[in-house]
Structure formats: C-alpha cells, structure tokens
Amino acid sequence: MKKLIISTGGGDAPGLNAVIYAVVMSAHNKGWEVYGSRCGYKGLLDPEELTRLTPEKVADITSLGGTILGSTNKGNPFGMPVENLAGEIQILDISDKIMRNFTRMGFLCHIAVGGDGSLDIARRFYEEKGMPVIGVPKTIDNDLYATQLTFGFDTAVSTATDALDKLHSTAKSHDRVMVVEVMGRESGWIALNSGISGGADVILIPEIPFDIDKVCEKINDNDLHGKHYAIVVVAEGAKAMGSQVIHKEGQGELGREEVLLGGIGEWVAKEIRERTEKDTRSLVLGHIQRGGSPTTFDRLLALRFGAAAVRMAGAGLFGHMVSLKAGDMEEVTLEEATKKRKMVDTNDDKLLTAREIGICFGD
Ligand code: F6P
C-alpha cells in the first residue's frame, strides 16, 4: 500500500481544499492512502497532528475556502524560533527529526502545497534531506515564477474587483477619491487585474515606482472631463519614487520570515487629500482577498494541480512542482520554481491595455 502525505503551508488561498480533494480521490482510485499533516509539518512531529484523509473525510470540501489541514507562515523547520523559559529566542533546526519520522512512517512522497516560502522549504527537504517531494503552486499573489498562474489568484482578483464595483457608486455620490490597498507583496498582479476590471483611474504597483504629483494630475484631469470622483488601487508593495515600501508594525512576530506590508494606501490618500483638496478616503481590503469559496476557475485549476501531483508521484517525478503552461499541466524543478518571483513585466499586454484605456500608473 503506497502512502502519501499532504501539507498546506504559508498564507491560505481559496482552492486549497480542492487540491486536497483531488489528491485524496486520485490516490484512493489508485489504491493508495493519503495522510494530512496539520499546519505545515506538524503532522511529522506529533502523531496527533496527522490525520488519515479518506474520500468520506474530503467529501464536499472542494467549494470551501481555507484549508481543512490548517496552515502557518511561521514554521520553517530549518530555522524555527522557539522561546525558552528565560524568554530568550533560540533558533532550532528540526528538519532531521521531521525527515526521520517521514522515513519511519514509510511515505512514498510529500505533496507540499504552498507559495514561494513553503516551496523553498520543500526544495530544501528534497535537496538536503532526500525527501521525495512534489510541490503544488498556491498563492493569491500569483508571484510564483515557473507557472502561468497559481490557484487562489482568480478568486482574490474577483473579490477585489467586486469591492471596486461597489466603491464606484459611493465615490460618485460624494465626489470622492477612494484609495483601495490590495495585497500582492512585491508584485502588482492583484492590483493590475482588479484595477483594470474594476474601472480604476489610477493603479499603483511595486514594479512601477510612482510620482504622487502625476497621480494628482490624473485626478484633477478627471474634473476637467466632468468626472468628480476617482478610484485609486494601490498594491501593498507599491512605493513612491525614491522611497521605501511601507511596513506594518509587528513585523517581528515570532517566527515570521517575511515583513508585513501595509500602510501605503493611507499614505497615498493623505497626499491626494492635501494636494488636490478633494474629499479622500482609504480602505485596506486585507484578508477578505484570501477568504471565501474559490471561483470556478480556481477550483478547476486546483483540482487539476492536485490530480497532476498524484500522477507525478506515480511517475517518481520528485523534486518537481506541477505548473500551468499554455493551458496544460507540466512539471518544473523546485529549484527553478523558487529561484525568483514573477513580477509584472512592463511589456505585459494587460499593462499596455490599461495605459491605452487611460489608466495612470503614476509614472
Ligand atoms: O502571500 C499572501 C499574502 O496574503 C500577501 O498578499 C500578504 O502580504 C501576506 O500574505 C499577509 O500575511 P499574513 O496572513 O501573515 O497577514
């Protein structure tokens, strides 16, 4: 009897449960067993955190947001900060312990569903400890380099677009400027896609440092054309020319590897208010972009990724990540998949479209 173990790591994304469903069902139909590890690698440390996933257990989870296994973005087994009794932080490497348990339990392969952080940990387990690993690309940010799309992104863009649609009516009623901060870390995919679809006047993304005067010019220009309101979409990682990205307080959370971005929307709103004297409000969409039921597109993509991962396990393609290329399922090495992040290219057709329909990027 072959046994697989699946884990979900990093920030959650709509579609995680659909991946779990497809892995469990595909494996079951091959006569294999699947075990789920709670919150990343916990199941390989504590048997209580390991759960047998049967078809009955995963029935009806495809449409659910979140992950039935739980997730964490603070659990790097190669450098786990632990607070001792004296209140000091010690960095422990527990990767060998995890690898020993993995081997003892006789798993054929670990299916690691994650973004670049979790997939990099999976890569290290494969390269440094010899763990047979297959990666599945997840993130609402869509910043994984070696796949055309990650699941979760389409749902996040739909949520953000829906919010922009709603903001149009209130902005128009009050002749206001509405500044909306969206997620995406150092990439502007969510801002770009939702901004175009949701009729933004201005989109600010990390890939194009902006000049706040240009942004205000565009807003004032709206007035000349009889439009007395404006919608500005700002990616959390966007920055003004010559400035640094804005971080949130509390970025030093125990075990957190990435800084928490946030605050640029409020900064942009304040500058617009002062420079244009327009009534300006800002809001942060935040984790609402990560929640809820996955769109049909994300469900289908997640189900395909899950089934493809099991296919790859059968073929022994360890150390690889399943990827979407030209509409098909392909595999790329985890090394390739994690070597850099996918950013918005200045020649991207969506960017050109946005410019051609009059959207300002502040450059
Ligand atoms: O990577 C996904 C993401 O939602 C980013 O867009 C965002 O910056 C970050 O995670 C937020 O992390 P947390 O869940 O720790 O607040």
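Small disclaimer: the values here were computed from a predicted structure and weren't measured. (Residues numbered from 1 in each chain as written. Predicted model: local features only at pLDDT ≥ 70, side-chain atom pairs only at ≥ 80, totals over all residues. Heavy atoms only, no water.)

(A) Spotlight on the packing of helix α7 (residues 212–224) against helix α8 (residues 264–276). Two elements in contact, α7 and α8, have axes separated by 10 Å at closest approach and are oriented at 60°. With respect to α8, the axis of α7 lies oblique. Crossing of α7 against α8: the hand is right-handed. Two secondary-structure elements touch here, α7 through Ile212, Asp213, Val215, Cys216, Ile219 and Asn220 and α8 through Trp267, Val268, Glu271, Ile272, Arg275 and Thr276. A per-class count over the contact of α7 with α8 returns seven nonpolar, two polar and three charged. (Axes fitted to C-alpha atoms, helices over the stretch in contact; angles between N-to-C directions. Helix = DSSP H or I, 4+ residues; strand = E, 2+ residues; numbered from the N terminus. Parallel < 35°, antiparallel > 145°, perpendicular 65-115°, else oblique. Left-handed = near helix turned anticlockwise from the far one by under 90°. Contact = heavy atoms within 4.5 Å. Nonpolar A, V, L, I, M, F, W, Y, C, P; charged D, E, K, R; others polar.)

(B) Expanded view of the nonpolar core. Counting residues in hydrophobic clusters, the biggest one holds 66 residues, and the most contacted among them are Leu4, Ile6, Ile111, Val136, Phe151 and Phe361. A domain split of this core shows at least three residues from each of domain 1 (3–151 + 294–338) and domain 2 (156–291). Contact partners of Ile111, with chain neighbours within four places excluded, come to Leu4, Ile5, Ile6, Ser7, Val23, Ile134, Val136, Ala309 and Val310. Ile94, Ile98, Phe125 and Leu144 belong to the second-largest nonpolar core, a separate cluster that totals 24 residues. (Core = buried A, V, L, I, M, F, W, Y, C linked by side-chain atoms within 4.5 Å. Buried < 20%, exposed > 50% of the residue type's maximum accessible area, 1.4 Å probe, protein only. Domains from an automatic or database assignment.)

(C) Main features of the sheet that holds strand β13 (residues 328–333). Overall, mixed pairing links the seven strands, which are arranged β3-β2-β1-β6-β7-β12-β13 in an open sheet. With one partner strand each, in any of the chains shown, β3 (50–53) and β13 form the two edges of the open sheet. Each neighbouring strand pair of the sheet contributes to a mean axis angle of 30°, computed without reference to strand direction. Pairing of strand β2 (residues 33–37) with β3 involves four bridges; the strand directions are antiparallel. Across the sheet, Ser37 pairs through a bridge with Leu50, a residue of β3. In the packing of helix α1 (residues 16–28) onto the sheet, contacts are made with β1 (3–8), β2, β3, β6 (109–114) and β7 (133–137), and the angle to β1 comes to roughly 180°. Seen against the sheet, helix α4 (residues 116–129) touches β6, β7 and β12 (320–325) and runs at an angle of roughly 165° to β7. (Pairing = 2+ DSSP bridges.)

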